[in-house]
Amino acid sequence: MRLFIALPLCGDARQALLDVQQDMRNQGVRANFSRAENLHLTLAFLGELEGEAVRAAQEAVLSLKGAAFSLTLDRPGSFGGLYWAGLRKSKPLDALAAQVRRALDQRGLDYDRKPFRAHITLARQVRAAEPFRVELPPVETAAERVVLMQSSRVDGRLTYTPLAERRLNG
């Protein structure tokens, strides 16, 4: 199973990101756009896990503690053909990402150890005949739950299935 740990997005933040994607389309951008239900902020990418390792990843998520907090989407960015929405610097988010990594380390689980860079993928394989402009107004959203997700292809579509969830206390 291909797994990652994420903060799902909802409400105004999700709609703002969908509006950005539509604006890109209106400017003639062709891309593999993230579907609305797949918009999330990855806290840790675990990759392919099976059996006991999946159960350990579930335990890691269920062990997390902390209060809900606010995040603010504030800027678009890109690297290569990938376009993303960035977030304002957040001490609670950085602390949560560090807690996730500690929980994984305590269970002997491997994960992508690149430095944590908070972003939400809007589109992959972006192509445009003409230069385009991406704007993202500052939008606040709540970080209320952390989810272990399985990523798989279902009928050719990237689908995320929750395997464990920890609500953050507000």
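This text follows the structure it describes.
What counts and what doesn't
Residues numbered from 1 in each chain as written. Predicted model: local features only at pLDDT ≥ 70, side-chain atom pairs only at ≥ 80, totals over all residues. Heavy atoms only, no water. 1 Å grid on protein atoms, 1.4 Å probe; cavity = no way out; pocket = protein on both sides within 12 Å on 5 of 7 lines; lining within 4 Å. Points joined across faces, edges and corners; volume = space filled by probe spheres on them. Helix = DSSP H or I, 4+ residues; strand = E, 2+ residues; numbered from the N terminus. Nonpolar A, V, L, I, M, F, W, Y, C, P; charged D, E, K, R; others polar. Pairing = 2+ DSSP bridges. Axes fitted to C-alpha atoms, helices over the stretch in contact; angles between N-to-C directions. Contact = heavy atoms within 4.5 Å.

Before going further, it helps to examine the layout of surface pockets. A volume near 950 Å³ is recorded for the largest pocket. Taken together, 34 residues form the lining of the largest pocket, with His 40, Thr 42, His 119, Thr 121 and Arg 124 sitting closest to its centre. Elements supplying a minimum of two residues to the lining of the largest pocket: strand S1 (2-8), strand S2 (30-33), strand S3 (40-48), strand S6 (119-127), strand S8 (145-154) and strand S9 (157-167). In terms of residue count, the dominant contributor to the lining of the largest pocket is S3 (6 residues). The volume enclosed by the second largest pocket comes to roughly 190 Å³. Lining the second largest pocket are 13 residues, with Arg 75, Leu 87, Phe 116, Arg 117 and Ala 118 positioned closest to its centre. When contributions to the lining of the second largest pocket are tallied by element, the ones reaching two or more residues are strand S4 (69-79), strand S5 (82-87) and helix H3 (91-106). Its residues assigned to classes, the lining of the second largest pocket shows 6 nonpolar, 2 polar and 5 charged.

Glancing now at the sheet that holds S6. Read across the sheet, 5 strands follow the order S2-S6-S5-S4-S7 without closing on themselves; strand pairing throughout is antiparallel. Each end of this open sheet is capped by a strand with a single partner; those strands are S2 and strand S7 (139-143). Adjacent strand axes in the sheet meet at a mean angle of 35 degrees, parallel and antiparallel pairs treated alike. Of the strand pairs in this sheet, S4 and S7 are connected by 5 bridges, and their pairing is antiparallel. In the strand pairing of S7, Thr 72 is matched with Glu 140. On the sheet, helix H1 (residues 11-26) packs against S2, S4, S5, S6 and S7 and is oriented at approximately 15 degrees with respect to S6.

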